[in-house]
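Take a look at the letters that make up each chain.
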Amino acid sequence: MIQYKTIALIITTGILAVLPQFLNPYWVDVLNNIGIYAILGLSLNIIVGHTGLFNLGHASFFAVGAYTAAILNTQYEIPVLWLIPVCGLSAGLFALIVARPIIHLRGDYLCIVTIGVNEIVRIALINNVFGLTGGSNGIFGIDRPNVFGMTLRTPMEFYYLILAFGAVTIFLFRQLEYSRFGRALNYLREDETAAQGSGINTAHYKLAAFVVGAVWAGMVGNIYAAKMTIISPESFTFWESVIIFVIVILGGSGSIPGVILGAVLVVGLPELFRDLANARMLVFGAAMVGMMIFRTQGLLPQRPRKYTLPQGRRNGEGGE
Amino acid sequence: MKLLSVSRLTKSFGGLTAVNSVSFDVQPDTVVGLIGPNGAGKTTVFNLITGIYRADQGEILFKDQSIVNFPTHRIISQGIARTFQTIRLFQNLSALENVLAGCHSQMKSGVLGSLFHTPRQRREEKMALEEAMEALAFVGLDSNALQMARNLSYGKQRLLEIARALATKPSLIILDEPAGGMNEHETWQLVALIGKMKERGITVLLIEHDMSLVMRVCENIVVLEYGSKIAEGPPQEIKTDPRVIQAYLGVEEDD
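Residues numbered from 1 in each chain as written. Chains lettered and ligands numbered in written order. Predicted model: local features only at pLDDT ≥ 70, side-chain atom pairs only at ≥ 80, totals over all residues. Heavy atoms only, no water.

**A look at the overall build of chain B**
Part 1 of the reasoning: For chain B, the helix and strand inventory stands at 10 helices and 10 strands.
Part 2 of the reasoning: Taken over the C-alpha trace, chain B has a radius of gyration of 19 Å; the compact-globule value for 255 residues is 18 Å, and the two agree within 12%.
Part 3 of the reasoning: Once the C-alpha set of chain B is aligned to its principal axes, its extents read approximately 75 × 40 × 35 Å.
Part 4 of the reasoning: Looking at chain B residue by residue over its 255 residues, the buried ones come to 55%.
Part 5 of the reasoning: Residue pairs at least 24 apart in sequence account for 67% of intrachain contacts in chain B once pairs closer than 6 positions are excluded.
Part 6 of the reasoning: Carbon and sulfur atoms provide 49% of the accessible area of chain B, an area that totals close to 11,000 Å².
Part 7 of the reasoning: On chain B, the mean spot of the 26 positive side-chain charges and the mean spot of the 29 negative ones are 11 Å from each other. (Helix = DSSP H or I, 4+ residues; strand = E, 2+ residues; numbered from the N terminus. Rg over C-alpha atoms; globule rule 2.2 N^0.38 Å. Buried < 20%, exposed > 50% of the residue type's maximum accessible area, 1.4 Å probe, protein only. Contact = heavy atoms within 4.5 Å. Areas by Shrake-Rupley, 256 points an atom, 1.4 Å probe, with all protein chains shown as cover. Lys, Arg positive; Asp, Glu negative; His and termini not counted. Charge placed at Lys NZ, Arg CZ, Asp CG, Glu CD.)

**Side note on helix α7 (residues 180-190) of chain A**
Part 1 of the reasoning: Burial runs high along α7 of chain A: nine of the 11 residues are buried.
Part 2 of the reasoning: Along α7 of chain A, the positions that sit buried rather than exposed are R180, F181, G182, R183, A184, L185, N186, Y187 and L188 of chain A.

**Some remarks on the pairing of strand β3 (residues 31-35) of chain B**
Residues and elements named next belong to chain B.
Part 1 of the reasoning: With five of five residues buried, β3 is to be regarded as a mostly interior element.
Part 2 of the reasoning: By the alternation rule, side chains of β3 split into V31, G33 and I35 and V32 and L34, which are all buried.
Part 3 of the reasoning: Here β3 runs beside strand β8 (residues 203-207); their pairing, made up of four bridges, is parallel. The partner of G33 across the bridge, within β8, is L206.
Part 4 of the reasoning: Sheet analysis places β3 next to strand β9 (residues 220-225), joined by four bridges and oriented parallel. Counterpart to L34 in the pairing with β9 is V222. (Pairing = 2+ DSSP bridges.)

**Side note on the domain arrangement of chain B**
Residues and elements named next belong to chain B.
Part 1 of the reasoning: On domain assignment, one finds that chain B holds domain 1 (1-79 + 170-255) and domain 2 (89-169).
Part 2 of the reasoning: One C-alpha centre belongs to domain 1, the other to domain 2, and the line joining them spans 27 Å.
Part 3 of the reasoning: The interface is formed by 19 residues belonging to domain 1 together with 15 residues belonging to domain 2.
Part 4 of the reasoning: Each partner contributes to the roughly 1,400 Å² buried at the junction of domain 1 and domain 2, and carbon and sulfur atoms together form 68% of this total.
Part 5 of the reasoning: When residues of domain 1 are sorted by the area they lose upon contact with domain 2, P170, L193 and R200 head the list and together hold 35% of the total.
Part 6 of the reasoning: Scanning the region where domain 1 abuts domain 2 turns up one salt bridge.
Part 7 of the reasoning: Among the ionic pairs, R200 bridges to E134, the shortest N-O distance being 2.8 Å. (Domains from an automatic or database assignment. Buried area = accessible area lost by both parts, 1.4 Å probe. Salt bridge = Lys/Arg side-chain N within 4 Å of Asp/Glu carboxyl O.)

**With respect to the confidence of the model for chain B**
Part 1 of the reasoning: Averaged over chain B, the pLDDT score is 93; the fraction of residues at 70 or greater is 98%.
Part 2 of the reasoning: When the elements of chain B are averaged for pLDDT, helix α10 (residues 242-249) of chain B gives the smallest value, 85, and helix α3 (residues 95-103) of chain B the largest, 97. (pLDDT = per-residue confidence, 0-100.)

**With respect to the packing of aromatic side chains**
What characterises a pair of aromatic rings is the spacing of the ring centres plus the angle enclosed by the ring planes.
All names here are of chain A.
Part 1 of the reasoning: Scanning the model with the defined rule gives 14 aromatic pairs over all chains in all.
Part 2 of the reasoning: Ring geometry for F62 versus F236: centroids 5.2 Å apart, planes at 70°, classification edge-to-face. Taken as a pair, F62 in helix α3 (residues 58-76) and F236 in the loop between β4 (230-231) and α10 (238-251) lie far apart in primary sequence, 174 residues in all. This pair shows no difference in class: F62 is buried, exactly as F236 is.
Part 3 of the reasoning: In textbook terms, an aromatic cluster arises when at least three aromatic residues are bridged by ring pairs, as seen for F62, Y67, Y224 and F236. (Phe/Tyr/Trp six-rings, centres within 6.5 Å; stacked < 30°, edge-to-face > 60°.)

**As for the pairing of strand β4 (residues 57-62) of chain B**
On a regular strand, one side chain projects to one face of the sheet and the next to the other, so that they alternate.
All names here are of chain B.
Part 1 of the reasoning: Across five bridges, strand β1 (residues 4-13) lies against β4 in antiparallel orientation. Opposite S5, over in β4, you have L61 as the bridge partner.
Part 2 of the reasoning: In this structure, β4 lies alongside strand β5 (residues 65-66), joined through two bridges in antiparallel fashion. Bridged to L61 within β5 is S66.
Part 3 of the reasoning: Hairpin connection between β4 and β5: a loop of two residues separates the two successive antiparallel strands, and K63 in this loop has a positive phi of roughly 50°.

**Re the side chain of E271 of chain A**
Residue and element names in this part refer to chain A.
Part 1 of the reasoning: Tracing the sequence through the fold places E271 in helix α11 (residues 256-272).
Part 2 of the reasoning: Classification of E271 as buried rests on a relative accessible area of 17%.
Part 3 of the reasoning: Here Y26 takes part through its side chain, which lies 2.4 Å from a polar atom of the side chain of E271.
Part 4 of the reasoning: Those residues in contact with E271 that lie beyond four places of it in its chain are Y26, W27, V30 and R280. (Polar contact = N/O pair within 3.5 Å; in protein donor to acceptor, adjacent residues only side chain to side chain.)

**Some thoughts on the interface of chain B and chain A**
A common way to state how big an interface is: give the accessible area lost once the parts meet.
Part 1 of the reasoning: Taken together, the contact between chain B and chain A spans 47 residues of the former and 39 residues of the latter.
Part 2 of the reasoning: One salt bridge connects D191 of chain A with R88 of chain B, and the closest N-O pair in it is separated by 2.9 Å.
Part 3 of the reasoning: Within the residue set of the side of chain B that touches chain A, elements represented by two or more residues are α2 (72-78), α3, α4 (111-116), α5 (119-139) and α6 (154-166) of chain B.
Part 4 of the reasoning: A total of eight residues in the side of chain B that touches chain A trace back to one element, the largest contributor, which is α5 of chain B.
Part 5 of the reasoning: The residue inventory of the side of chain B that touches chain A, partitioned by class, reads 19 nonpolar, 17 polar and 11 charged. (Nonpolar A, V, L, I, M, F, W, Y, C, P; charged D, E, K, R; others polar.)

Below, the structure is given as structure tokens:
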């Protein structure tokens, strides 16, 4: 079983590593978009999937990261990839400040406030807040990133950057799932009162989920800014938040493979069916309605964690 | 030395005084029962002790320290654990993970330790796993460790809640109708389990409707009616107390 998994992992990595060599730059760029949305989906998955907090304003955290990168790079000429931790921190700090007063809100109320936050951020960016964000034109002239002396220009070069960042994300988030922190988020989602009654500081973990999700979205924002070299408020609308949200729900809340599949379908399929023009959105919408009726848990739902029980206690599956 | 001391505890919901100036003490290493007719305010008292509701008035001392209106998670980490009247398990998680929730307050690793699985985090995780298995074994559910909580029988779900509470390493455990929905055999096991907890030095405070169980296991009984304490004492006294009989059976009408 373990060997089978290792082989599957090696094959997948191999395919992903050589894939862009067989595709034209347009399709490689589609893959890059899928990758960016997949990582954004994974970051939102911490908040929505694992903790069960409805956040329809995730694009605002993404925006804070992207604008941090753009401003610091264009004003102070700090190499853009060096700014990844700074972007993560600024988005995390933003989430901390924004989420602190609203974290006690339940379900739909929290959801509405996050929509409001998203709009505030977008409108603030359009209004050229602090004279730094460039208004509705956004910021252009962000430097191309440099990795070990090589400047990344082509979609293929970015593909490997995004792939590497995605791999690190998947690895760390899987570790997080199998930890005290990851479990605490799930307890909260399952039953908040019971979680409190088991000794879990629920307010703390809700906030921490928001911050971790935002830190990651902020770091993706950096990569996005580096890839586009120009960013504008248009890229961080409520609709972007909806897409990231749909990726998580459609793919499977709380499931890493599910979210990745969700990104492939939500971002990739519309590209495949571009010939169908507007009809594709109709098909897309209908598919989503169908999903929510027939498979509410998503395409690849979260699987139970596996534990190796301590020696001397063999039978886990027995009983009943 | 009192383990828990509740004094003049009061809580109203709107116009209804659910708990009215209730005082009682829990001595260490005893089993104390809280009984009373439906709606007497027993669960409300439990929710006040564990910080789920905020008290309007009154004081709660645990190990001589005030815990009144502390947030629940802090009260739990001070050494009070509880189960719920309506089973509140994490239904979609395994029995083991339910118990690991109880281990949470005994562990320390934070976000970074959890992301990077530092050596300390790994050690702690291993310890927690062992302790969780030990708590499951204590209630006799170790062979069900990897089953989903929702797939367990009703009686086993009750036991699992107790295991989760025990994993917080409490010195006082508060059981809200632990025998509710249990068959006779399971109730017998529960009585044995309460005895085992006592042997371990865990003090038990319980609400229960099954009078034979209460009379069998409790050393001291507190009786509530309409939010007020009407009697307190050992089972023999409570059995014969006219006010308690009145509360349960109603008043005999005189002609």
